[in-house]
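Residue-level structure breakdown
One letter stands for each residue in the lines below.
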Amino acid sequence: MPQKRATDLIRPHLASVQTYQPVDPPEVLAARAGIPRESIVKLNGNENPYGPSPKAMEAVSEAELHIYPDPFQRRLRAALSDYTGLAPDNIIAGAGSDELIDLLFRLFIEPGDSILDCDPTFAMYAFCARVAGGELRLIQRGELFQIDLDAVRSAIDENTKIIFISSPNNPTGNLAAEDEVRALLDTGLIVVIDEAYFEFSGETVAPLVHEYDNLVVLRTMSKWAGLAGLRIGYGIMDSGLVDHIVDIKSPYNVNIAAEAAALASLDDRDYLLGNVQRIVEGRERMHDALTAMDGVKPWPSHGNYILCQMDCPERAQDMFDQLASRGIFVRKFGSDRLRDCFRVAIGTPSENAAFLNAVGEIAR
Ligand SMILES: Cc1ncc(COP(=O)(O)O)c(C=O)c1O
């Protein structure tokens, strides 16, 4: 019998999945620009420019790394309960909210099921849909990037299981209104409201988990708490769904360093929320400065980033390339709708100034 190659044994729907387009790490960006690592301005990953709480760093250095973490996340869920005002039974943590997105696909989606994604949005939902073998239905957002409720409703059929909404939406910056979320929940599908940027907007639909057992709210410690590198996020949902996530997740999914850092961060929330406030102020100043420039249109944002639209795709590409050649990295997107746009994260005041100076010179 002719021997099969290992790759011939891969499940067919997975064989063609393309690698997720990630943001490159700083040393790779620096090498590409031919600039020392410490001189680059990294504004392409919506990371927190102020980093973690010093108390989180201390907690990581003291964490018992030789002990497995608690699979039931008792202390963490209690601390998140105190932070969110929701019961520990309604909360489950993951290795980043990315892991929770993946777990939701495992729980609900089998090949043939369909997923609704309001485009343009965070690429992870589409990526996980491909990995799960689900059928991805892209519903275009309206002119102001608002959710098109009628288009969502008419895309639903008997195979549709989940609607994903990022609010604030990454990369467009706008929020989903509570009445829109309620209208989506009334479809009876699982509605995932991804509030990765909640702390920068102050708006949440999390308390609706008491009214709707089909609501899942996702949050992360990556953005407001500066823990992107440790990978820790959490979901808020009906306790019955939490139990099922506990059943299927890998037992030690949140590592002990991430757990220690998250607990210390929640304890030091006033310090971290002070940094959030500085980022929000920086965002408003950056929005005003970009508005005053010719050729760049900044979209209003409730996150820690701004979507910038240029006159045409070529200008957007040129801006991206020229910024990169100066060691300033922003995010560009492949989709048709965003071909004339790039997204910039809010950095420290000096990073923001470097970005704005460069944009002013390049756009001139
Ligand atoms: C909307 C949205 N959801 C989730 C994530 C992923 O967060 P985490 O770092 O917790 O996996 C991001 C990261 O950029 C995001 O923009």
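Above this text sits the structure in question.
To start, this report covers the structure provided alongside it. These numbers come from a predicted model, not from an experiment.

Reading guide: rules and limits
Residues numbered from 1 in each chain as written. Predicted model: local features only at pLDDT ≥ 70, side-chain atom pairs only at ≥ 80, totals over all residues. Heavy atoms only, no water. Helix = DSSP H or I, 4+ residues; strand = E, 2+ residues; numbered from the N terminus. Expected span 1.5 Å × (residues − 1). Buried < 20%, exposed > 50% of the residue type's maximum accessible area, 1.4 Å probe, protein only. Pairing = 2+ DSSP bridges. Contact = heavy atoms within 4.5 Å. Axes fitted to C-alpha atoms, helices over the stretch in contact; angles between N-to-C directions. Phe/Tyr/Trp six-rings, centres within 6.5 Å; stacked < 30°, edge-to-face > 60°. Lys NZ or Arg CZ within 6 Å of the ring centre and 35° of its normal. Near = heavy atom within 4 Å. Polar contact = N/O pair within 3.5 Å; in protein donor to acceptor, adjacent residues only side chain to side chain. Areas by Shrake-Rupley, 256 points an atom, 1.4 Å probe, with all protein chains shown as cover.

1. A look at helix α5 (residues 96-108)
In this model, α5 (13 residues) spans 19 Å end to end at C-alpha, consistent with the 18 Å of a helix rising 1.5 Å per residue. Residues of α5 that are buried include every one of Gly96, Ser97, Glu99, Leu100, Ile101, Leu103, Leu104, Phe105 and Phe108, and no others.

2. A closer look at the sheet that holds strand β12 (residues 331-332)
The four strands are arranged β9-β10-β13-β12 in an open sheet whose pairing can be described as antiparallel. Both edges of this open sheet fall to β9 (296-298) and β12, since each of them pairs with a single strand only. Bridge count for β12 against strand β13 (residues 341-345) is two bridges, and the pairing is antiparallel. Each bridged residue has a counterpart across the sheet, and for Lys332 the counterpart in β13 is Phe342. Contacts from helix α12 (residues 269-291) reach β9, β10 (305-310) and β13, with the element oriented near 10° to β10.

3. A look at the packing of aromatic side chains
Remark: the centre distance and the inter-plane angle together describe each pair of aromatic rings, the angle taken between the planes. For the coordinates displayed, the defined rule picks out nine aromatic pairs. Their ring planes at 25° and their centres at 4.6 Å tell us that Tyr68 and Tyr252 sit as a pair that is stacked. Taken as a pair, Tyr68 in the loop between α3 (54-62) and α4 (74-84) and Tyr252 in the loop between α10 (239-248) and α11 (256-267) lie far apart in primary sequence, 184 residues in all. For the ring pair Phe105 and Phe164, a centre distance of 5.3 Å and an interplane angle of 5° mean the geometry is stacked. Residue Phe105 is found in helix α5, and its partner Phe164 is found in strand β5 (residues 160-166); the two are separated by 59 residues along the sequence. Assessed through its relative accessible area of 2%, Phe105 is described here as buried. Here Phe164 falls in the buried class, since its relative accessible area comes to 1%. By the ring-pair criterion, three or more aromatic residues cluster together here, those being Phe105, Phe122, Tyr125 and Phe164. We note Arg278 situated over the ring of Tyr50; from NZ or CZ to the ring centre the distance is 4.1 Å.

4. Quick look at the sheet that holds strand β7 (residues 215-220)
Spatial ordering of the open sheet is given by β2-β8-β7-β6-β5-β3-β4, a layout of seven strands whose pairing is mixed. Each edge of the open sheet carries a strand with a single partner, namely β2 (91-94) and β4 (135-140). Sheet twist, expressed as the average angle between the axes of neighbouring strands with direction ignored, equals 25°. Contacts between α4 and the sheet are confined to β2, β7 and β8 (233-237), with β2 contributing the most and set at about 115° to the helix. Sheet strands in contact with α5 are β2, β3 (114-119), β5, β6 (190-194), β7 and β8, and its direction is about 155° off that of β7.

5. Description of the site of the ligand
Around the ligand, the structure places 14 residues, and the nearest of them are Ser97, Asp194, Tyr197, Thr220 and Ser222. Within the contact set of the ligand, a nitrogen atom lies 2.5 Å away from a side-chain nitrogen or oxygen of Asp194. Contact with the protein chains covers 93% of the free accessible surface of the ligand, which is 400 Å². Sorting elements by how many residues they give to the shell around the ligand places α5 first, with three residues.

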